[in-house]
Structures are given as structure tokens and as C-alpha cells.
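Residue strings, one per chain:
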Amino acid sequence: MDTQEITTLKVKEGSTSNYFEALLNCFGGEVLGNSYSINQGRLKIRMTAYPIIPGFEIATTFAQHKNAVFIERESDNNPDQIYINVIKEGTFTRDYNNQETLAEAGSTKGVFIYNGLFTMNIKHPPNTTLETVNYTLTKEALLKFLPEAEGIYDSLFGNQDPVAYHTKLPLELDVLVEDIFHFKKRDFGKTPLVVARSLELFTLLMKNVKKLVDKDELNGLHVDDYRRLLKIKDQLLSSFEQRIVVEDLASEFGISVSKLKRDFKALFDTSVYQFYTHAKMDEAYRRLQTGNFSVMEVGYDLGYQNLSKFSQMFKKVKGINPKDVLPV
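Anyway, here's the lowdown on the structure attached to this text. (Residues numbered from 1 in each chain as written. Predicted model: local features only at pLDDT ≥ 70, side-chain atom pairs only at ≥ 80, totals over all residues. Heavy atoms only, no water.)

### Quick notes on the overall build of the chain
Threshold: Each helix is a run of H or I in the DSSP string that is no shorter than four residues. Each strand is a run of E no shorter than two, and both are numbered from the N terminus. The buried label goes to any residue with under 20% of its type's maximum accessible area, the exposed label to any with over 50%, and the partly exposed label to all in between, with areas taken from a 1.4 Å probe on protein chains only. The contact definition used throughout considers only heavy atoms, calling two residues in contact when any of these lie within 4.5 Å.
Check the secondary structure of the chain and you find eleven helices and 14 strands. Expressed along its principal axes, the backbone C-alpha trace of the chain runs to roughly 70 × 45 × 35 Å. Counting every position in the chain, which comprises 328 residues, the buried fraction comes to 47%. Of the contacts formed within the chain by residues at least 6 apart in sequence, a portion of 68% connects residues at least 24 apart.

So this is what it looks like as C-alpha cells:
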């Protein structure tokens, strides 16, 4: 993409007012009370904050823009501040610790829960619509508003380390998100209705998070886990001729097999074996396409002693026989 088509927005994690200031500096527009808005042709942004109690704020965002938007989010360095983002509509990428992941409404990354102890870059594609519900709250505010969540907070953020979690919004909560944006269009009573639905969504979302924590099913990665997984990924991509043994990888990187499998799945949405196999077949395709290697050479170079097994796996992954990739 042409870099001239990318708009960069710099913001420090924290109150919604930080976003208002960043948006004003970048796009102009206006702030009236607890709302920011701009409507200039194909650029439309509306962000509204709803203060609940000191330290607890809800915000809704609607955005449409013709250019790609790159958001540089600076750490707030506050271990007691947490953030929850719920995507109603839209797709974008998060770049956290040099690993880019796709966030999309309805996906396993549709809800993002994290503290502000790390920098994060977000890339919004051009000509798209984004709608989100966002919660910003301190530990003190969380325990004052929902004291039953103390165990959840301790499990997720008790170590006060940089950490992030993602999960899918339960289907039964979709209607609450729809209501929030429906009520925003009302002429009378929209603020209490939006706040009521937002608080209901927050409470039920926290209840679901507790269930996931109790079952050890919440997809969360500490910053050290990200770094470790990136090293594991690099090792996999540099050793196509090797036979991968998960137990050996886990031992080499000092973690349990179950943690390696769980963390790898959380970050890459696939198993170690599937990732490695698909990466090998991508490399095989690339080599075959050059015309500099025969099917036999590629198969042997990638660690296959039985060429028929190589051909079978290649066709299973790529949908065609390896010989069909060779230039005529």
C-alpha cells in the first residue's frame, strides 16, 4: 500500500479523553461534552464516553475512513489499569511484541482484554466500518463495582506483568451489543439505555471470563510467552529438513508440552504440527515454482524419505500435485 494513503494516530493508553485529543490533533473535528465527532465526506468518526464511577469508563466507537489508519498506542505504565475491547463490526490487525494478529468481529479475537503495560500498534484497513464497545477501568473501580471479580483479576493480572487475552464474544451477548448501537440512535433516553446495556454486557462478559479462567480455556499470553513463541516459530521455519517433536521443543524452551500446545494455538490459531506442515508445503511450492528443483529434490530436501508421502501431503495442503507446479 502506498504510505501516502496511511493516516497515523498516536495515543497514550488511559482515559477516553486521550483518544479525543489524539483524534482532534490528527483529523480535527470537535469535542462536545463526553463525545468526539467528525463528518467530512468519507471520514466519519463518533466516539462517546460514559463515566460510570471514578476509574471506570465505557466508550463506544463508530468509524469509517477512506484511508488506512495506523494507531500507535503508548503504554500507560499503570499495572492496575485494564482494558476490554469488544468488536461489533470490523476487521483490523494488532501488532503486539512484533507479532501481528487479526482481530475480527465474531472471531476468537473479537474480545481483547489487556493491561496497558506494553506498546501496541493497530492497523485499520481503508474503506471499512468499525464499531466497538470499550471498557477502561482500574483494579479499584472493578472491585468496587463488581467485587465478585477479584478472583478473575488476580488470575489474569495479579502478577502485574504485561499481558493480554482474547476470546470470542458468546453468541447470546451479541444482542446486547446490537442494542447498544441501536439505542445510540434514539432521540430520547439514549444515554441511560446505552449505559444499562453496556453494564449488562460487561457483567455477563466477566461471568463468561470467569468460566473460561476456571476451565483454563482463556486465550492469554504473557509478553514473555510471545517472545518465546516467536523464537519457536523462527526455529520451525529454519529447519524444514528436520522432524519436529513437540516434546523436544517444549524441553528446549523450558515449558511443558501442554503449555506449548495451548500458547501456540492461542497465538497462531493452529497446532504446531499443522503450522509446520503448511509452512513446509509453502516452501515446497516456492521452490518448485522456480523451476530450479525437481519434485524429488524438493521432497528429499524437506526431509521426506518417501516421495509418495511428500506428494500426498502436498496435494492435501495445496490441492494439486507437486509436478503440476513445475514450469512448463
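### Description of the pattern of salt bridges
We apply this condition: Just to be clear on terms, a salt bridge is a Lys or Arg side-chain nitrogen sitting within 4 Å of an Asp or Glu carboxyl oxygen.
For the structure on display, the rule yields eleven salt bridges. Arginine 287 is the salt-bridge partner of aspartate 301, the closest N and O atoms lying 4.0 Å from each other. Of the two residues, aspartate 301 sits in helix H10 (residues 295-301) while arginine 287 sits in helix H9 (residues 272-290), which places them 14 residues apart along the sequence. The class of aspartate 301 is partly exposed, set by a relative accessible area of 38%. Assessed through its relative accessible area of 17%, arginine 287 is described here as buried. Within the structure, one salt-bridge network assembled from shared partners comprises Glu283, Arg286, Arg287 and Asp301.

### Description of the side chain of aspartate 76
The condition is simple: When charges are counted, neither His nor the chain ends are considered; positive counts come from Lys and Arg and negative counts from Asp and Glu. For the purposes of these results, a polar contact is taken to be a pair of N or O atoms within 3.5 Å, where, inside protein, one atom must be able to donate a hydrogen and its partner to accept one; residues adjacent in sequence count only when each atom of the pair is a side-chain atom.
Along the chain, aspartate 76 falls in the loop between strand E6 (68-74) and strand E7 (81-89). Among buried Asp, Glu, Lys and Arg side chains, aspartate 76 stands out as unpaired, with lysine 12 the closest opposite charge at 7.7 Å. Separated by 2.4 Å, the side chains of aspartate 76 and tyrosine 83 make a polar contact. Apart from the residues lying within four places of it in its own chain, the contact partners of aspartate 76 are Lys12, Glu13, Gln81, Tyr83, Gly116 and Leu117.

### Brief notes about the pairing of E6
Rule in force here: Only strands that DSSP links by at least two bridges are regarded as paired with each other.
Of all seven residues in E6, five are buried; the element is thus mostly enclosed. By the bridge criterion, seven bridges tie strand E1 (residues 6-12) to E6 in an arrangement that is parallel. When the bridges of E6 are listed, leucine 9 appears paired with isoleucine 71. Note that E6 and strand E11 (residues 120-124) share five bridges and pair antiparallel. If you follow phenylalanine 70 over to E11, its bridge partner there is lysine 123.

### A few points about the side chain of asparagine 134
Residue placement: asparagine 134 occurs in strand E12 (residues 128-138). Judged by its relative accessible area of 15%, asparagine 134 is buried. There is a polar contact of 3.5 Å between the side chain of asparagine 134 and the side chain of threonine 61. Looking at asparagine 134, its side chain comes within polar contact range of the side chain of threonine 132, at 3.2 Å.

### Digging into the packing of aromatic side chains
Pairs of aromatic rings are described using the distance from one ring centre to the other and the angle between the two planes. What counts here: Pairing of aromatic side chains here covers Phe, Tyr and the six-membered ring of Trp, requires ring centres within 6.5 Å, and sorts the geometry by plane angle: under 30 degrees stacked, over 60 edge-to-face, intermediate tilted. Placement of a positive charge over a ring is assigned whenever Lys NZ or Arg CZ falls within 6 Å of the ring centre and within 35 degrees of the normal to the ring plane.
Applying the stated criterion across every chain, the model contains 15 aromatic pairs. Between tyrosine 135 and phenylalanine 202, the ring centres sit 5.2 Å apart and the planes meet at 45°, which makes this aromatic pair tilted. Linking tyrosine 135 in strand E12 with phenylalanine 202 in helix H5 (residues 190-214), this pair joins segments that are 67 residues apart in sequence. Judged by relative accessible area, phenylalanine 202 falls into the buried class, the value being 0%. Measuring from centroid to centroid gives 5.9 Å for phenylalanine 157 and tyrosine 165, while their planes differ by 90°, and the two rings are edge-to-face. Residue phenylalanine 157 is classed as buried on the basis of its relative accessible area of 3%. Here tyrosine 165 falls in the buried class, since its relative accessible area comes to 10%. Within the aromatic cluster, the residues linked to one another by ring pairs are Phe56, Tyr135, Phe145 and Phe202. Lying over the aromatic face of phenylalanine 112, arginine 94 brings its terminal NZ or CZ to 3.8 Å of the ring centre. Between lysine 318 and the ring centre of tyrosine 285, over which it is positioned, the NZ or CZ distance is 5.6 Å.

### Observations concerning the packing of helix H4 (residues 174-183) against H5
Inclusion rule: Between N-to-C directions, angles span 0 to 180 degrees; the directions come from axes that are lines fitted to C-alpha atoms, helices contributing only their stretch in contact. When an angle is under 35 degrees it counts as roughly parallel; over 145 it counts as roughly antiparallel; between 65 and 115 it counts as roughly perpendicular; any other value is oblique. For any pair of crossing helices, the crossing counts as left-handed if the nearer helix is rotated counterclockwise from the farther one by less than a right angle, and right-handed if it is rotated clockwise. Put simply, Ala, Val, Leu, Ile, Met, Phe, Trp, Tyr, Cys and Pro go in the nonpolar bin, Asp, Glu, Lys and Arg in the charged bin, and everything else, Gly too, in the polar bin.
Put simply, H4 and H5 touch, their axes get as near as 9 Å, and they point 165° apart. The pairing of H4 with H5 is recorded here as roughly antiparallel in orientation. Read as a crossing pair, H4 and H5 show a hand that is left-handed. Contact with H4, carried on its side by Leu176, Val177, Asp179, Ile180 and Phe183, involves Lys190, Leu193, Val194, Arg197, Ser198, Glu200, Leu201 and Leu204 of H5 and no other residues of that element. In terms of residue class, the contact of H4 with H5 is made up of eight nonpolar, one polar and four charged.

### Some thoughts on the packing of helix H3 (residues 150-157) against H5
Viewed as axis vectors pointing N to C, H3 and H5 meet at an angle of 55°, and their least axial separation amounts to 10 Å. By the angle between their directions, the pair H3 and H5 is classed as oblique. You can see that H3 and H5 cross each other, and the crossing is left-handed. Along its contact with H3, which presents Ile152, Ser155 and Leu156, the element H5 presents Met206, Val209, Lys210 and Val213. A breakdown of the residues in the contact of H3 with H5 according to their chemical character gives five nonpolar, one polar and one charged.

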